[in-house]
Amino acid sequence: APWRLMMSLTPSRGCLLDLPWEDILVPHILCHLPLQQLLSLQRVSKSFQSLIQLYLANMRCFDSSQIGTAIPRAAFVNLLKDNEVLQQLALQNCSDWLTDRELLPVIGQNHHLHQIQLKGCAQLSRHALVAISLSCPNLRWLSLAHCEWVDSLSLRSLADHCKALEAVDLTACRQLKDEAICYLVQKCSRLKSLSLAVNANVGDVAVEEIAKCCPELEHLDLTGCLRVKNDSIRVLAEYCPKLRSLKVKHCHNVAESSLSILRSRGVELDVEPPLQRALVLLQDVVGFAPFINLQI
């Protein structure tokens, strides 16, 4: 509907563009259109081009998926060159084109960012994370999943400067070890959600420090953290009363003896109780789940 309105109210009819741009068009009409359509709208006339440039300069949220992951580098730079009010930036899986050269100017001029998504942006470097830490003091949500360039020094910079963090995704950041994770949670005690999945270097030391430093923790993903054992899960149960979900699939040293404590509190776990797992395996083998009287 908004798109049809745009097309019907052409500049020649003197209607749409006569409305106040900053008070009406940008916040109440353009915000309802997909970004891809807004960019196409620039071709209607020079007036529309100026209007869209004004919108881009005042845009609070930019999500590359609305355009497609294969954005030309020059186009990305041009889209955000005048914007200094971004609050949310999502650039997931832009590894084909996104480097520090494109990202750092955007980060450097947007100090109000509180949510950044860089999942799978493999061509960035540790300088990107340092820039984020120095420019975004109010950052609350950060995804660095599958960014293997994240190292302990850049994570320390993040911890030192972004203490309001509530959610961090460090999935498959394989350079990180217990020491780096401990430093992060000591500085960022407001964390509610943390993923350390697919990191064989993370063990009990990190998990115990998470438990003791982050009493507000609600979600923890330890999938594939092979060095995590029962003792740290018990500490987690003791120190994190607000925990709502825990992922420990493929953590072969974590057993039901520690998980049962969390299970009894209603914490969502991604592994079934031993009896349930046995029934599922049996069903896979024989094609049905036998009736078992659990009251015996």
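So, here is what we can say about the structure in this document. (Residues numbered from 1 in each chain as written. Predicted model: local features only at pLDDT ≥ 70, side-chain atom pairs only at ≥ 80, totals over all residues. Heavy atoms only, no water.)

### Quick look at the packing of aromatic side chains
And step 1. Counted according to the given criterion, the structure contains 2 aromatic pairs.
And step 2. One residue, Arg156, lies across the ring of Tyr183, its end atom 3.7 Å from the ring centre. (Phe/Tyr/Trp six-rings, centres within 6.5 Å; stacked < 30°, edge-to-face > 60°. Lys NZ or Arg CZ within 6 Å of the ring centre and 35° of its normal.)

### What about the sheet that holds strand β2 (residues 88-90)?
And step 1. Strand order in this open sheet of 9 strands is β1-β2-β3-β4-β5-β6-β7-β8-β9, and the pairing throughout is parallel. Every other strand in the sheet has two partners, leaving β1 (61-63) and β9 (268-269) as the edge strands with one partner each.
And step 2. Looking at chain direction, strand β6 (residues 193-195) and strand β7 (residues 219-221) are connected through 3 bridges and run parallel. What sits directly across from Ser193, in β7, is His219. (Pairing = 2+ DSSP bridges. Helix = DSSP H or I, 4+ residues; strand = E, 2+ residues; numbered from the N terminus.)

### A word on the state of the cysteines
And step 1. Using the criterion set out here, one finds 0 disulfides in the structure.
And step 2. Cys121 provides the cysteine sulfur closest to Cys147, a residue in no disulfide bond, and the two sulfurs are 5.8 Å apart.
And step 3. Look at Cys147 and you get buried, because its relative accessible area is 0%. (Disulfide = S-S within 2.5 Å. Buried < 20%, exposed > 50% of the residue type's maximum accessible area, 1.4 Å probe, protein only.)

### Some words on helix α12 (residues 256-264)
And step 1. Every buried residue belonging to α12 is among Ser258, Leu259 and Leu262, and all of these are buried. Axial view of α12: buried residues confined to an arc of 95 degrees, hence all on one face.
And step 2. With its phi angle positive at about 85 degrees, Gly266 sits one or two positions after the end of α12. (Arc of directions from axis to C-beta.)

### Some details on helix α4 (residues 46-57)
And step 1. Given a rise of 1.5 Å per residue, 12 residues ought to cover 16 Å, and the 17 Å separating the end C-alpha atoms of α4 matches this to within 8%.
And step 2. Taken together, the buried positions of α4 are Phe48, Leu51, Ile52, Tyr55, Leu56 and Ala57. (Expected span 1.5 Å × (residues − 1).)

### Some thoughts on the environment of His161
And step 1. With respect to the helices and strands, the residue His161 is situated in helix α8 (residues 152-161).
And step 2. Through-space distance from the C-alpha of His161 to that of Lys187 is 8.9 Å; in sequence the pair is 26 residues apart.
And step 3. Ignoring any residue separated from it by four or fewer positions in sequence, one finds His161 in contact with Ser133, Leu134 and Pro137.
And step 4. Only 2.9 Å separates the side chain of His161 from the backbone oxygen of Ser157, close enough to count as a polar contact. (Contact = heavy atoms within 4.5 Å. Polar contact = N/O pair within 3.5 Å; in protein donor to acceptor, adjacent residues only side chain to side chain.)

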